[in-house]
Protein chains: 6
Amino acid sequence: MKRLLITGAAGNLGKLARARLGHLADVLRLSDISEMAPAGANEEVVQCDLSDEAAVMELVKDCDGILHLGGVSVEREWKLIEAGNITGVYNLYEAARAHGMPRIFFATSNHTIGFYRQDQVIDTTAPMKPDGLYGVSKCFGEAMASLYHSKFGQETALIRIGSCFEKPRDRRMMATWMSPDDFISLIECVFRVPMLGCPVIWGVSDNDVGWWDTSSAKQIGWRPKDNSEVYRAEIEAASDCPDADAPQSMYHGGLFTAEPIHK
Amino acid sequence: MKRLLITGAAGNLGKLARARLGHLADVLRLSDISEMAPAGANEEVVQCDLSDEAAVMELVKDCDGILHLGGVSVEREWKLIEAGNITGVYNLYEAARAHGMPRIFFATSNHTIGFYRQDQVIDTTAPMKPDGLYGVSKCFGEAMASLYHSKFGQETALIRIGSCFEKPRDRRMMATWMSPDDFISLIECVFRVPMLGCPVIWGVSDNDVGWWDTSSAKQIGWRPKDNSEVYRAEIEAASDCPDADAPQSMYHGGLFTAEPIHK
Amino acid sequence: MKRLLITGAAGNLGKLARARLGHLADVLRLSDISEMAPAGANEEVVQCDLSDEAAVMELVKDCDGILHLGGVSVEREWKLIEAGNITGVYNLYEAARAHGMPRIFFATSNHTIGFYRQDQVIDTTAPMKPDGLYGVSKCFGEAMASLYHSKFGQETALIRIGSCFEKPRDRRMMATWMSPDDFISLIECVFRVPMLGCPVIWGVSDNDVGWWDTSSAKQIGWRPKDNSEVYRAEIEAASDCPDADAPQSMYHGGLFTAEPIHK
Amino acid sequence: MKRLLITGAAGNLGKLARARLGHLADVLRLSDISEMAPAGANEEVVQCDLSDEAAVMELVKDCDGILHLGGVSVEREWKLIEAGNITGVYNLYEAARAHGMPRIFFATSNHTIGFYRQDQVIDTTAPMKPDGLYGVSKCFGEAMASLYHSKFGQETALIRIGSCFEKPRDRRMMATWMSPDDFISLIECVFRVPMLGCPVIWGVSDNDVGWWDTSSAKQIGWRPKDNSEVYRAEIEAASDCPDADAPQSMYHGGLFTAEPIHK
Amino acid sequence: MKRLLITGAAGNLGKLARARLGHLADVLRLSDISEMAPAGANEEVVQCDLSDEAAVMELVKDCDGILHLGGVSVEREWKLIEAGNITGVYNLYEAARAHGMPRIFFATSNHTIGFYRQDQVIDTTAPMKPDGLYGVSKCFGEAMASLYHSKFGQETALIRIGSCFEKPRDRRMMATWMSPDDFISLIECVFRVPMLGCPVIWGVSDNDVGWWDTSSAKQIGWRPKDNSEVYRAEIEAASDCPDADAPQSMYHGGLFTAEPIHK
Amino acid sequence: MKRLLITGAAGNLGKLARARLGHLADVLRLSDISEMAPAGANEEVVQCDLSDEAAVMELVKDCDGILHLGGVSVEREWKLIEAGNITGVYNLYEAARAHGMPRIFFATSNHTIGFYRQDQVIDTTAPMKPDGLYGVSKCFGEAMASLYHSKFGQETALIRIGSCFEKPRDRRMMATWMSPDDFISLIECVFRVPMLGCPVIWGVSDNDVGWWDTSSAKQIGWRPKDNSEVYRAEIEAASDCPDADAPQSMYHGGLFTAEPIHK
């Protein structure tokens, strides 16, 4: 690629992507609503609020790939979610349509289906069961991607990210963890496959424990390599086992299912 | 019921509901963004913009049922759809949560799945394939209803309305038509079943032709009685048969699939 | 048939069958653990405890069809259920095997799946979710029938009876009701079809409301004719609507799901 | 239509179609390998061997619809089946491709799936289980239709005909019977629907007994009206009930499953 | 755990568990109908007949986990199966209910589905097809576990054990073998997962050959490590290949499908 | 085996099989329509046109296994495909039936389903979507194998071969590649499993990228070992990435979907 846009570049995943994806494009265009580190070699830094239609239109120009990590990524008050994940997503897809439809890696979330129980294994066709306003906003994003694919041919990888951290942080993350290495290889696969379409793919490592049928990853050639099991002793030592009926034991979405509506 | 709120009361479906649902509640509270006919006996008329959070909070108060027909119901520019069908829906569910969670009949749409082909029969679990921004906004509404059901127990009937008119207006509506009588009986069923949950139900009559597996209607006891077939001669006389690859022949959503993004 | 054995002949369904099935066989052999009315023309009356192995062996002799309505049909203490529905069923199948494997109509029950929610439509392959010891005993009976079919070729119709009364008695029975006429025609179909196999079939009328996909009835040619809807006004007048979270509103099995273990 | 080609016009179904489909086209072009009655008004009669490539090319010219009933329709020696149903079908599709791709009603057969058991209900997506060389040739025809649809856009209705006679002739036909009236209305639906695609549809009346999920008929608007049940007494009087393990009791395909390979 | 009850402790699996599960609980309470080796350190030994209600009530007291390997584990006369696997299971669940509902590992069996053919791959939702009275009794056990989960919240892992021996003993066991190491790790997973629910899980190693979709193991984090393939040469040298239509070649349940009813 | 017949022995797969399968039988009987290298030790060489009924009858005599690689294996004019893959297959199955029904490894093809899109993962039960006359002929072969299995008990492994070469040759083959070693081990599994039945199995290595659910391979104990990923750098260096809407990017069948009908 000539230019890969990374939104949400000031966040954890964004920083990781910035540090490790230089080989994917001649230039990385980095964007966030917050301030970012200054541009390095082969970088462009553009501060941008996704809810600003004109700014997003400008941001996407000249890019031939988009790694969309931006917007709100946890449960927040509605106004913030609406600005970043509803208005912002509309702006992004309209900008992509105006600028040659660069392929999009869209960071959606397990919180679109967070109210399934942990004794249920689901695949990517299971009807949505969002666990909060954030999850609802990601359902919206998935629907928007579907529309632009059906109507205009825009390609998007809908990556339902589990929990992408250096290592899992609690027992639930044993099942939802995606390692940084696996995250990077997943991005590579998305931008490498000749025809992407608009698939939903679980963003999760090859953990022993899990609730998601990850077979759709095969169509883009992604085979994650890491396994949360190497951290089990550490995780179990760090905290007591929660009760069977605690939200973090019960639901795919864990504690998100117990969050109130933020005001 | 003591008081049934009807949103979108100035629209065609709203007028129909107003005229025929007096028996369902002591009082009908009628609401629309547009002007409505003055309140008759056992009626309250409240003009209200659904995107006005405080107004919606007041509107829902004291209601023990909501027939939600309001918001935008065709393809329009994004700002209008966002105001009525995104912000408005958030406002509605928050107001319902604050006021005892009256059961909601939510008019969603076949345009949530409009990009399925007419040679595919689908059921209500088929992944969404919206055919426009309007359809995407209804996917959002369905996700919001699911969240409030999972998290708070709010009951909603997600009625994917086909085409509710006095009679079908073109060949595609032979398949998507819901008669006014069937529409009324469907509303009665939604408010009568002891436990509703949050089902998705196709709002379509017992037409000979169709693409939707209507079996989920049985769980609320709705058996539509009318059949578009009685209008076939009339419809076929009125216009030539479209080509097999015309949007109205090809997709569930018909011409919506060919609409541009409105600006 | 020469001789049709009816077990449970002193019960309500048994009496109904006795009164109306004379045309199916030269002789009706009537059996129950309780006393029955004396034998009429073309009848034999044999009092018999199903848990008595030798008695059952004698009972089945010379019969070429069995309408098995006997055993316990409600939630009771375990000893009674075990005697009638476990030991008794083993005895019945062993007797059938010894005596030419007469075709069996086996009255099983919706209580084998009573813990599904009323907003779920299921078919006959849904995994069992019994709602009491009675339901568990019927799961056992279905498994026994399957074994004797696979291993010995014994044919059984596993009829999951909903609620067979003159008319529905409460709101839940609007969905589960099987009319006496439909019950009789179902028995006729079971004994008429050239090859029966060992199908599971819902014993329920053509009610507007319901949670069961009744399509498996078609393979034996049974099309029920009655509809509980004609009793709706009467039912709704007789009692208030239960709460959405009451057992009779929530689960297929209704109040059985709330029964304690009997002691 | 201007001109509808009917192949197999000398057979029973062909004669029926000839007699009753005059309203569908200005001209009926009638073809068979055998002699036919002379052309009447608005008819053309063309004797033609389907295995003759040039003749079929000529036959299809100027037609804008094809009712393909020709070829072998029972179990016969291989050479005959190959000539009519393999070579002939290739010739037909090539001719259609050369001449504007007129829509095709293709008479395929329940013998493509004849080895399913009568205690199994299947839909049109069940893997093939042909019951003879005839059935295999029809599997070939369905595959050919699929190819020409995917590659060239040729539309075909793959109608798996059960047993189309004036009335059912034995107990198995109680389940497989399609009445002449339903056959005619089915043809009308195939040539009337704006977009046909390449669906598989069971050609069977609305019989009480059956093993086929007929829901795919709805997409073309066909709702059969007749029911074999009105002939039950007559059928049952005419012959004894076959044993449960007789081929006509056991399999969808009936006695075809017991036919040897013809030599 | 403070105290883990192991039933069937005198059997092969019981001895294995006794030898290797000391780390799971402060005390192992060992029980069997037969005599066992005397109690070692941190062990309690209680001889007990599962069909003795009072004894089982006492046995379960003070345990916070149950490894239920007891009862009959092969085809036997009905009285023995009923005592151990019907009455005994009722007694066990009632005792668990009375004593705080300790989590249960329930050794159920592939013989619940033994009549599936070896050319069919099934998952845990496939309808039961037991291959003997033993298999029927395990269907009963699975139904009982489901009831106590739905009604009381009792958690059970329904482990359908294939063939757990030091190494596979015949060609069928190449597919059904579970190694002792994998058996032990499976038990650890069952008692470690925060929320267990009532899942069905195949107790089988990671063999190259198999007929069971083992994906449900992932929800409890069990990834078996062993593979019967290392024993192939040894197994194939030991005996001739059975015919394709021999019971051990034909069915999941192998020779059990050919066992008579024991008397 | 005493004698294994290999058809298509002059082709690439045939030569590979000839070179490496000597251990499977006392004698390899090698056959092709073209000339082959002279018979070596334990070999018989028989030139034979599969469309010659008598010759095939003789060819199959005395064989107790058939590796059927013969016939046409790419898109060709119809006459050639019909001779080799239609008539030839009929001749082969009739010869097998006459000579003790030796087990058959039948090389069918991914081109039976070549018109599925590369963003769809399918399993072996997906309805056929052939991508050319060659693919249609293989659908025919699969139907023929099914018939002879249902009617006569003939066992066949229907191996849908992807692309079997020394290494993958283009990006599409990254997904469809089967290594020579995996091909050989697959043949061994087919002739080793006690009961084969008539399964459909994808002939594809354990590649990271793919569109086929390979789980049916487990029932015959085949676990492929190779992975095309080791050739990725080489493949990507050799050619530019095709457009997303190029046939080789779009469909399982790749360029076959764009081939014309050969004349």
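Residues numbered from 1 in each chain as written. Chains lettered and ligands numbered in written order. Predicted model: local features only at pLDDT ≥ 70, side-chain atom pairs only at ≥ 80, totals over all residues. Heavy atoms only, no water.

- Per an unreviewed UniProt entry, the recorded name for chain A is NAD-dependent epimerase/dehydratase family protein, and the organism is Pseudooceanicola spongiae.
- Under Sequence similarities (unreviewed entry), UniProt gives the following word-for-word description of chain A: "Belongs to the NAD(P)-dependent epimerase/dehydratase family." (UniProt positions renumbered as here; feature names shortened; annotations may be inferred.)

**A short note on a negative patch on the surface**
- A contiguous patch of negative charge, built from D123 and D213 of chain A, D123 and D213 of chain E together with D123 and D213 of chain F, is present on the exposed surface.
- Position of D213 of chain F relative to the elements: it lies in the loop between strand 9 (200-203) and helix 7 (232-238).
- Exposure remark for D213 of chain F: the relative accessible area of 34% places this residue in the partly exposed category. (Patch = residues over 30% accessible without salt bridge, like charges linked within 9 Å, V, L, I, M, F, W, Y side chains within 5 Å. Areas by Shrake-Rupley, 256 points an atom, 1.4 Å probe, with all protein chains shown as cover. Salt bridge = Lys/Arg side-chain N within 4 Å of Asp/Glu carboxyl O. Lys, Arg positive; Asp, Glu negative; His and termini not counted. Charge placed at Lys NZ, Arg CZ, Asp CG, Glu CD. Helix = DSSP H or I, 4+ residues; strand = E, 2+ residues; numbered from the N terminus. Buried < 20%, exposed > 50% of the residue type's maximum accessible area, 1.4 Å probe, protein only.)

**Things to note about the relation of the copies chain A and chain F**
- Take chain A, turn it by 120°, move it 0.0 Å along the axis, and it overlays chain F with an RMSD of 0.0 Å. Such a combination of turn and shift is consistent with a three-fold rotation axis. Among all residues of chain A, the one whose C-alpha sits closest to the rotation axis is S215 of chain A, at a distance of 6.5 Å. (Least-squares fit on C-alpha atoms with pLDDT ≥ 70 in both.)

**What to know about the packing of aromatic side chains**
- With the rule as written, the count across this model stands at 69 aromatic pairs over all chains.
- With centroids separated by 6.2 Å and ring planes inclined at 80°, the aromatic side chains of F105 of chain B and F183 of chain B adopt a geometry described as edge-to-face. Pair noted here: F105 of chain B is in strand 5 (residues 103-109) and F183 of chain B is in helix 6 (residues 180-192), with a separation of 78 residues, a long-range link.
- On the accessibility criterion, F183 of chain B (0% relative accessible area) is buried.
- Pairing Y148 of chain F with F152 of chain F gives two aromatic rings, centres 5.3 Å apart and planes at 50°, and the pair type is tilted. Within this pair, Y148 of chain F and its partner F152 of chain F are both found in helix 4 (residues 133-152), separated by 4 residues, close to a single helical turn.
- Judged by its relative accessible area of 0%, Y148 of chain F falls in the buried class.
- Pairwise contacts between aromatic rings join W78, Y90 and F140 of chain A together with W78, Y90 and F140 of chain B into one cluster.
- The residue whose ring lies beneath K129 of chain A is Y116 of chain A, and the NZ or CZ to ring-centre distance is 5.6 Å.
- The lysine or arginine in question, R169 of chain C, covers the ring of F165 of chain C, its NZ or CZ lying 3.7 Å from the ring centre. (Phe/Tyr/Trp six-rings, centres within 6.5 Å; stacked < 30°, edge-to-face > 60°. Lys NZ or Arg CZ within 6 Å of the ring centre and 35° of its normal.)

**Describing the sheet that holds strand 5 (residues 103-109) of chain E**
All names here are of chain E.
- The sheet built from 7 strands is open, its strands ordered 3-2-1-4-5-6-9 with parallel pairing. This sheet does not close on itself; its edge strands, each paired only once, are strand 3 (43-47) and strand 9 (200-203). Strand-to-strand, the axes of this sheet are offset by a mean angle of 20°, without reference to chain direction.
- Two elements, strand 2 (residues 27-32) and strand 3, share 5 bridges in a ladder whose sense is parallel. Pairing of L28 across the sheet is with E43, part of strand 3.
- Strands in contact with helix 2 (residues 53-60) are strand 1 (3-7), strand 2, strand 3 and strand 4 (65-68); relative to strand 2, the strand with the most contacts, it is inclined by about 165°.
- Of the strands in this sheet, strand 1, strand 4, strand 5, strand 6 (156-161) and strand 9 are in contact with helix 6 (residues 180-192), which crosses strand 5 at around 140°. (Pairing = 2+ DSSP bridges. Axes fitted to C-alpha atoms, helices over the stretch in contact; angles between N-to-C directions. Contact = heavy atoms within 4.5 Å.)

**Details of the environment of G22 of chain D**
Residue and element names in this part refer to chain D.
- As for its placement among the helices and strands, G22 is situated in the loop between helix 1 (12-20) and strand 2 (27-32).
- In this structure G22 comes out as partly exposed when scored by relative accessible area, which is 45%.
- Considering only alpha carbons, one finds G22 and L4, 18 residues apart in sequence, at a separation of 9.3 Å.

**Focus on the UniProt feature "domain: NAD-dependent epimerase/dehydratase" (unreviewed entry) in chain A**
- Per the UniProt record, "domain: NAD-dependent epimerase/dehydratase" (unreviewed entry) is found at residues 5-165 of chain A.
- Span residues 5-165 of chain A is 36% helix and 20% strand, its end C-alpha atoms 22 Å apart.

**A few points about the environment of E53 of chain A**
- Along the polypeptide, E53 of chain A turns up in helix 2 (residues 53-60).
- Sequence-wise, E53 of chain A and H252 of chain A are 199 residues apart; in three dimensions their C-alpha atoms are separated by 34 Å.
- Apart from the residues within four sequence positions on either side, E53 of chain A is in contact with Y90 and N91 of chain A together with K79 and K263 of chain B.

**Details of the side chain of K138 of chain A**
All names here are of chain A.
- Along the chain, the position of K138 falls in helix 4 (residues 133-152).
- Within the buried core, K138 has no salt-bridge partner, and the shortest N-O distance to an opposite charge, that of E142, equals 8.6 Å.
- One polar contact links the side chain of K138 to the main-chain carbonyl oxygen of A107, over a distance of 2.8 Å.
- Not counting chain neighbours up to four residues away, the residues in contact with K138 comprise V72, N85, F106, A107, T108, S109 and T112. (Polar contact = N/O pair within 3.5 Å; in protein donor to acceptor, adjacent residues only side chain to side chain.)

**Some thoughts on empty space enclosed by the protein**
- With the rule as written, the count across this model stands at 6 cavities of 30 Å³ or more.
- Estimated volume of the largest cavity: approximately 190 Å³.
- Taken together, 18 residues line the largest cavity, and the ones lying closest to its centre are R171, V209 and R232 of chain B together with V193 and P194 of chain D.
- Looking at the lining of the largest cavity residue by residue, the class counts come to 9 nonpolar, 4 polar and 5 charged. (1 Å grid on protein atoms, 1.4 Å probe; cavity = no way out; pocket = protein on both sides within 12 Å on 5 of 7 lines; lining within 4 Å. Points joined across faces, edges and corners; volume = space filled by probe spheres on them. Nonpolar A, V, L, I, M, F, W, Y, C, P; charged D, E, K, R; others polar.)

**Describing the pairing of strand 9 (residues 200-203) of chain D**
Residues and elements named next belong to chain D.
- The two faces of strand 9 match: V200 and W202 on one face and I201 and G203 on the other face are all buried.
- Sheet topology note: the strand 6 (residues 156-161)/strand 9 ladder contains 4 bridges and is parallel. In the sheet register, I159 faces strand 9, and the bridge partner there is I201.

**Side note on the confidence of the model for chain A**
- Residues with a pLDDT of 70 or more make up 100% of chain A, whose mean pLDDT is 97.
- Both scores are given for the predicted complex: the pTM is 0.97, the ipTM 0.97. (pLDDT = per-residue confidence, 0-100.)

**A short note on the sheet that holds strand 6 of chain D**
All names here are of chain D.
- Pairing is parallel in the open sheet, where 7 strands are placed in the order 3-2-1-4-5-6-9. Strand pairing shows two members of the sheet lacking a second neighbour, strand 3 (43-47) and strand 9, which therefore form its edges. Within the sheet, the average angular offset between the axes of one strand and its neighbour, ignoring direction, is 20°.
- Sheet analysis places strand 1 (residues 3-7) next to strand 4 (residues 65-68), joined by 4 bridges and oriented parallel. Following the sheet pairing, I6 is matched in strand 4 by L67.
- Contacting strand 1, strand 2, strand 3 and strand 4, helix 2 (residues 53-60) crosses the sheet at an angle of about 165° to strand 2.

**A look at the arrangement of the chains**
- Contact between chain A and chain C is absent, and the least distance between their C-alpha atoms amounts to 14 Å.
- Where chain B comes nearest to chain F, the C-alpha atoms are still 14 Å apart, and the two do not contact one another.

**Regarding helix 6 of chain B**
- With 13 residues, helix 6 of chain B extends 18 Å from end C-alpha to end C-alpha; this agrees with the ideal 18 Å at 1.5 Å per step.
- Residues of helix 6 of chain B that are buried include every one of P180, D182, F183, I184, L186, I187, C189, V190 and F191 of chain B, and no others. (Expected span 1.5 Å × (residues − 1).)

**Quick word on the interface of chain C and chain E**
- With 35 residues of chain C at the interface, the matching set in chain E holds 35 residues.
- The contact between chain C and chain E buries some 2800 Å² in all, and 65% of this surface belongs to carbon and sulfur atoms.
- Our count for the contact surface shared by chain C and chain E stands at 2 salt bridges.
- Between K263 of chain E and E94 of chain C there is a salt bridge, and its shortest N-O distance comes to 2.6 Å.
- Linking chain C to chain E there are 12 residue pairs in polar contact (both at pLDDT 80 or more). (Buried area = accessible area lost by both parts, 1.4 Å probe.)

**What about the relation of the copies chain C and chain E?**
- It takes a turn of 180° to lay chain C on chain E, together with a shift of 0.0 Å along the axis; the resulting RMSD is 0.0 Å. One copy is carried onto the other by what is essentially a two-fold rotation axis. Residue F140 of chain C, judged by its C-alpha, is the member of chain C lying nearest the rotation axis, at 2.6 Å.
- Both copies present the same face, since 100% of the interface residues in chain C are matched by interface residues at the equivalent positions in chain E.

**With respect to the pattern of salt bridges**
- Taken as a whole and assessed by the stated rule, the structure comprises 102 salt bridges over all chains.
- Across the salt bridge formed by R232 of chain F and E236 of chain F, the nearest N and O atoms sit 2.7 Å from each other. On the criterion of helical spacing, the pair formed by R232 of chain F and E236 of chain F is a turn pair, its members being 4 residues apart in helix 7.
- One salt-bridge network, held together by shared partners, links R192 of chain A together with E229, R232 and E236 of chain F.

**Digging into the packing of helix 2 (residues 53-60) of chain C against helix 3 (residues 78-98) of chain C**
All names here are of chain C.
- Two numbers describe how helix 2 lies on helix 3: the axes approach to 8 Å, and their chain directions differ by 45°. On the basis of the axis angle, helix 2 is oblique to helix 3. The crossing of helix 2 and helix 3 is right-handed. Across the interface between the two elements, E53, V56, M57 and V60 of helix 2 pack against Y90, N91, L92, E94, A95, A96 and A98 of helix 3.
- Among the residues making up the contact of helix 2 with helix 3, the classes are represented as 8 nonpolar, 1 polar and 2 charged. (Parallel < 35°, antiparallel > 145°, perpendicular 65-115°, else oblique. Left-handed = near helix turned anticlockwise from the far one by under 90°.)

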